[in-house]
Amino acid sequence: MALTKAILEPDNSNLDHFPGEYGIPFFGKMLQVVDDSVKLCDDHFKKFGPVSKIDLVKNQKVLLCLGPEFNEATLFDKDDSFSSAAGYHNSLGTLYPEGMLLRDGGMHKKTRRASQPSFKTDALKSYVELLLPIQEKRIAELPVNKEFLFYDAIQQTLMDVAARVFLGLDETSRMAKKLNNIFTTINKGLITPLPYNIPFSTFSRALKARERLRAYIHSNIPKRRGSDGVDMFTRYCNAQDEEGAFLDDIDIDGHIAFLMFAAFDTTTSALTNILYYLGTHPEWQDKVRAEITQIGNKDLTYEDASSMVLTEYVFNETLRFYPSVMILNRRATKDVEIAGYHIPKNTVLMLSPAYTHRMPEWWSNPETFDPMRFSPERAEHKRHGFSYIPFGGGAHKCIGMHFAQLNAKLYLFRLLRKYRVKLRENYNPKFMHVHLPRPKDKLPITLEPI
Ligand code: HEM
């Protein structure tokens, strides 16, 4: 499918024949999505059924499609009827136009193939070596017996990870700090409600920051090519296709910038929410700690990580409630029929993994925190191939899934062996949902030595 053609045509905004309702001028229903996207989906489902129209920022009209059947039709996309590029063109595409998720068909396949070596087992093993010292140092710096905001702390840690693992930089160097600022500025541009290139605005600053990141990556490609660094940037510089050709500079820049974006906020959100659940369910914190203590080594190896089964269930259950990417988008490239609904060409579809993850048709007591639902005996996540999609599915399924799990396990291994995580008494925070789910108050925690 031609990527540019798919994007050049405007979105279909004639959704008159669908039930649903629109929100206020300019913001549409975006404020409700940010505040509680699951409630919004639930309200729409109850009032209008699984398919309904709604509008987002700039009153962009989209079709909310709820449930595994729609997730499968769009993400698995067996008839090649949906574009990811056109689905994200107005959001991620403004600052990461060359990102992997902004590509379809053959171009996407090529990118994905070039990226595979950076995510194979031997690459993951080499990242363990890079991650361990960063996590050790950052965990050693955390306040003890004194409340602090975990979200801020884990952000710093993962910024260091981005510098070291993605860019191959010493995380304490001036360049790493400079790039952190650049990266933060770009991402602010993604969530501003006013994505216009007006001088001094958040968005124009983000565009400039993206240019600076591009300049840094382009100027460093010749130095990295042929070097033996194990970081992702160097791996991309050395990646060759079947004919032995290197990736174009523009592709390397596009992939690395997008990888950092895709990895950073998602993992920050996941680890923050995991600590929230371990804090509110101390019995599970004890179980995870017992599992960790059983592993005799001082440092976790790649092989040890796969034995952390209960930790994995907790990870999965946390992402069931709060999948870091709460909303997924696709756009129909032709007229399609799903579950009896006729969806016109160029309609943007909005999917909600979080809503699907709480549908009582697919989950027992969905509002209860119950990690054992992921055990082989119960395997609730296998009741439908697309009822559990924290990492998406189909051709665009998250390429960093194993890296994210590994990173989280390594961090929890170190933290929970040393400390008990305590939350405030009767802690019951309000969660924000978009652009990433987390407690609004950034999760104040206290660490008590074991
Ligand atoms: C808990 C952490 C993470 C979650 C929940 C997550 C979730 C997702 C989801 C839902 C998608 C699919 C989006 C769609 O189809 O519309 C995706 C794609 C992607 N993710 Fe992740 N992600 C995580 C971590 C990471 C990490 C650590 C990396 C890189 C190291 C990464 C790189 C990517 C890339 C490059 C894509 C696009 C893949 C493609 O288009 O083929 N993600 N992720």
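Residues numbered from 1 in each chain as written. Predicted model: local features only at pLDDT ≥ 70, side-chain atom pairs only at ≥ 80, totals over all residues.

Asker: If you had to explain the overall build of the chain to someone new, which residues and values would you point to?
Answerer: What the chain contains, in helices and strands, is 16 helices and 12 strands. Taking 22 Å as the expected radius of gyration for a compact globule of 450 residues, we find that the chain reaches 22 Å, a close match to that expectation. Summarising its shape, the C-alpha atoms of the chain cover approximately 60 × 55 × 45 Å along the three principal directions. Evaluated residue by residue, the chain yields a buried proportion of 44% over its 450 residues. (Helix = DSSP H or I, 4+ residues; strand = E, 2+ residues; numbered from the N terminus. Rg over C-alpha atoms; globule rule 2.2 N^0.38 Å. Buried ≥ 20, exposed ≤ 12 C-beta atoms within 10 Å, placed from the backbone.)

Asker: An account of the sheet that holds strand β4 (residues 148–149) is needed here, citing residue identities and associated values.
Answerer: Strand order across the open sheet formed by three strands is β4-β12-β9, with antiparallel pairing between neighbours. With one partner strand each, in any of the chains shown, β4 and β9 (419–422) form the two edges of the open sheet. Relative to strand β12 (residues 444–449), β4 is paired through two bridges, and the arrangement is antiparallel. Across the sheet, the residue bridging to Leu 149 is Pro 444, located in β12. (Pairing = 2+ DSSP bridges.)

Asker: An account of the site of the ligand is needed here, citing residue identities and associated values.
Answerer: With respect to spatial proximity, 26 residues lie near the ligand, and among them Ala 263, Thr 266, Gly 392, Cys 398 and Gly 400 are the closest. Looking at the shell around the ligand, the elements that each hand over two or more residues are α11 (249–280) and α16 (401–418). Sort the elements by how many residues they give to the shell around the ligand and α11 lands first, with seven residues. In terms of residue class, the shell around the ligand is built from 18 nonpolar, seven polar and one charged. (Near = placed C-beta within 6 Å. Nonpolar A, V, L, I, M, F, W, Y, C, P; charged D, E, K, R; others polar.)

Asker: Please provide a residue-by-residue account of the sheet that holds strand β8 (residues 348–351), values included.
Answerer: With mixed pairing, five strands are arranged side by side in an open sheet as β1-β2-β8-β5-β3. Of all strands in the sheet, those bounded by a partner on one side alone are β1 (51–55) and β3 (82–83). Across four bridges, the pairing between strand β5 (residues 328–332) and β8 is antiparallel. Paired with Arg 330 across the two strands is Leu 349, which belongs to β8.

Asker: Can you explain unusual backbone geometry? Please cite residues and give values.
Answerer: With omega at 15°, the peptide bond leading from Val 434 into His 435 counts as cis. Along the chain, His 435 turns up in the loop between β10 (431–432) and β11 (438–439). Despite not being glycine, Asp 80 shows a phi value in the positive range, around 55°. Within the secondary structure, Asp 80 sits in the loop between α3 (68–76) and β3. The exposure class of Asp 80 is exposed, given the 12 C-beta atoms found within 10 Å. If you check the backbone angles, Asn 346 has positive phi at about 70° while not being a glycine. Given 19 C-beta atoms within 10 Å, Asn 346 falls into the partly exposed group.

Asker: Outline the nonpolar core, listing residues and values.
Answerer: Counting 110 residues, the largest nonpolar core has Leu 63, Ala 162, Ile 256 and Met 260 as its most contacted members. When residues of this core are assigned to their parent elements, the largest contribution, 16 residues, is made by α11. Contact partners of Ala 162, with chain neighbours within four places excluded, come to Leu 167, Met 260 and Phe 264. Counting seven residues, the second-largest nonpolar core is a separate cluster that includes Tyr 388, Ile 389, Phe 391 and Ile 399. (Core = buried A, V, L, I, M, F, W, Y, C linked by C-beta atoms within 7 Å. Contact = placed C-beta atoms within 7 Å.)

Asker: Outline helix α9 (residues 202–224), supporting the account with residue identities and numerical values.
Answerer: Look at α9: 32 Å from first C-alpha to last across 23 residues, which is about the 33 Å you get at 1.5 Å a residue. Residues of α9 that are buried include every one of Ala 206, Ala 209, Arg 210, Leu 213 and Ile 217, and no others. Structurally, α9 contributes buried residues whose contacts are with α8 (174–191) and α11. Just past α9, the residue Gly 226 takes up positive phi, approximately 90°. (Expected span 1.5 Å × (residues − 1).)

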